[in-house]
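Observations on the three-dimensional arrangement
Below are the chains, spelled out letter by letter.
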Amino acid sequence: MAVRRAKVKSTGAAQDPALGTAMFAPAALYIMLLIGVPFFLAMYYAFSDARIGNTDLHFVGLENFRSILQSPSFRSAVKNSIVFTLASQIIVIICSTILSIVLENKFRGRGVIRYLILLPWVAPIALGAIGWKWILDSIYSVITWVLVWLHVFKPYGAPMWLGEPHLAMASVILVHCWRLIPFSTVIMLAGQTAIPKEIPEAAAIDGAGFWRTLFQIKIPMMTSIISVAVLFGTIFTFTDMTVVYILTAGGPYDSTQTLPSLAFATGIQGSDLAAGAAISLFLVPVLVVIAYLMLRVAHRAEAT
Amino acid sequence: MAKKRLRKFSASMLHWFVLVVFTVLLAFPFYWMVITAFKQNLDLYTVENNPFIFNAKPTLEHLRLLLYETRYVRWLGNTVFVGALVVLITLVLAVPAAYALARLTGRWGQRLGIGIFLTYLVPPTLLFIPLSRVVSALGLQDTLWSLVLVYPSFTVPFSIWLLMGFFKAIPKELEDAAMVDGLTRFGAFVKMVIPISVSGILTVVIFTFTLVTQEFVYALTFISSESNQMVGVGIPIFLVRGDVYFWGSLMAACLITSLPIALLYNIFLDRFIAGFTVGAVK
């Protein structure tokens, strides 16, 4: 019996490569066909003249990139993508740090408040965005009503929130923040539970006040979890086209156009697949940097 | 003593103030959906009316319009259909793959695991253009099958990642014991490992389904006819006639679609977050 048991152990899953491969291969194949192949197709199209409704392709070299780089729409899309991502990440980090601190301790009604706070993240974003489109409506906006009521604007004198370049940008940033604050908050809450309670308590006994404990102990201990929240948040904002597409469709005058929304407008709506693919390839450098940073954070957390 | 009590009181006031402000700001759009969905049009579209209250009697007219005169119910059906099939495909692919990775120790296992995680970071906005051509080459344009085919590409990687952590927590001795009792390796996986992993598998089911309901880019790109829409695209795009927004029905649709999804997601949230935070939380 003992011999048999030992034999079974030595043929465990790790030593059963055939079965391991058979179990892993279908998923790997699916991912390769639906992520790997399209990724290389995107690169291939970017150097071709692919159009919707036209099946033959010709290699055109850097032609697509040359025309994209000259287009003002592309330049404003690059600028907007960066502005939207940076601005929303800064606001999200500040707000979600505060929110995670007030939610840290248990209190009556915490479950209900957590559900309400999480709604923006867990509800489909397309539906949340259309809700905001109604809140920011050009005539019946509730924000306008409140400002008129407060005598900030005369009746019918308020600006159109989604109709003027700077206000439209601010609106898009606002909706991104609204969506991501709950997500980062939950990630940070998960990070806080990992801090041993004794450390802040010991600091309090040594006479450190609330703010000192916060800035010199808690926040430094949370850097790796904050960076996870920032990295995911950056991907979600930088690669998102839903919010922009529903709120403004890139307008007015490309002032809220981002790389993904421009890729959609060019590649699908404008039938120019090649140019659309070339535009979306500009997402790749940012994604590579984020993937690298993400692995470093994970690695560092494992090492400590 | 009194000073200390005062400080404690003001700290607790500040705590509640911050909490209430954030809750109101974050939940406001949903409150707005509720109030819009039940207001009469005359009330909605009178600029002078106080928009926070019902100035006229509440109405179910928007809900009736949504359920009987739009394709909303059909879209719900489409979403459930695609969701169910994608869940099935995801389970068939991800459960065995996650088990293989969890038991594959050493450098290769780790590398493959990281590779799987990285594929989750590839966004739909990078792939939708080539995939649109693939979908039409397969003759699947404007069918729900295009979504059934493509959605597992983002549900499988994350599900493998989630389940991998789950399977790693199961002691190897359990399978060894089952194999001593005459089961094969695969038999031990099916009869021992899967039954005790039900809660992990359920997490994947819910996660996959909510991701399907939230997806927007692929559904917008591949599906063009009104009757084949998913809720996520149908509501914001097809409930608008030309330039006319039926805000009452639109908000009713947003509300009754969002709340159940949000509830499901909320129950399982802590497990998803454990998956998101990789190794950064111990």
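Quick caveat, the model's predicted, so the values are computed rather than measured.

Attention now moves to the overall build of chain A. A tally of helices and strands in chain A yields 15 helices and zero strands. At 25 Å, chain A has a C-alpha radius of gyration far larger than the 19 Å of a compact globule built from 304 residues. In terms of principal-axis extent, the alpha carbons of chain A reach across some 80 × 65 × 30 Å. Looking at the 304 residues of chain A, the share that counts as buried comes to 53%. Long-range pairs, those at least 24 residues apart, make up 68% of the contacts in chain A with a sequence separation of at least 6. Element-wise, carbon and sulfur atoms account for 68% of the exposed surface of chain A, whose accessible area totals about 14300 Å². Distance between charge centroids for chain A: 10 Å, based on 20 positive and 14 negative side chains.

To continue, consider the pattern of salt bridges. Residue and element names in this part refer to chain B. Counted according to the given criterion, the structure contains five salt bridges over all chains. Arg64 is the partner of Glu61 in a salt bridge, and the nearest nitrogen-oxygen pair spans 3.0 Å. Taken together, the positions of Glu61 and Arg64, both in helix α3 (residues 61–69) and three residues apart, correspond to about one turn of that helix. Note that Glu175 and Arg185 form a salt bridge whose closest N and O atoms lie 2.8 Å from each other. Residue Glu175 is located in helix α9 (residues 172–180), and its partner Arg185 is located in helix α10 (residues 185–196); the two are separated by ten residues in the primary sequence. The class for Arg185 is buried, based on a relative accessible area of 8%. Salt bridges here are not isolated pairs; linked through shared partners, they connect Glu61, Arg64 and Glu69.

Residue and element names in this part refer to chain B. Domain parsing of chain B yields domain 1 (2–59) and domain 2 (71–279). Between domain 1 and domain 2, the C-alpha centre-to-centre distance is 35 Å. Taken together, the contact between domain 1 and domain 2 spans seven residues of the former and eight residues of the latter. Note on domain 1 versus domain 2: buried area summed over both sides is about 620 Å², and carbon and sulfur give 82% of it. It is Met33, Ala37 and Tyr45 in domain 1 that bury the most area against domain 2; as a group they hold 59% of the surface buried on that side. Put simply, domain 1 and domain 2 have zero salt bridges between them. In this assembly, domain 1 and domain 2 are joined by zero residue pairs in polar contact (both at pLDDT 80 or more). With five residues, helix α1 (residues 2–37) is the largest single contributor of residues to the side of domain 1 that touches domain 2.

About the thresholds
Residues numbered from 1 in each chain as written. Chains lettered and ligands numbered in written order. Predicted model: local features only at pLDDT ≥ 70, side-chain atom pairs only at ≥ 80, totals over all residues. Heavy atoms only, no water. Helix = DSSP H or I, 4+ residues; strand = E, 2+ residues; numbered from the N terminus. Rg over C-alpha atoms; globule rule 2.2 N^0.38 Å. Buried < 20%, exposed > 50% of the residue type's maximum accessible area, 1.4 Å probe, protein only. Contact = heavy atoms within 4.5 Å. Areas by Shrake-Rupley, 256 points an atom, 1.4 Å probe, with all protein chains shown as cover. Lys, Arg positive; Asp, Glu negative; His and termini not counted. Charge placed at Lys NZ, Arg CZ, Asp CG, Glu CD. Salt bridge = Lys/Arg side-chain N within 4 Å of Asp/Glu carboxyl O. Domains from an automatic or database assignment. Buried area = accessible area lost by both parts, 1.4 Å probe. Polar contact = N/O pair within 3.5 Å; in protein donor to acceptor, adjacent residues only side chain to side chain.

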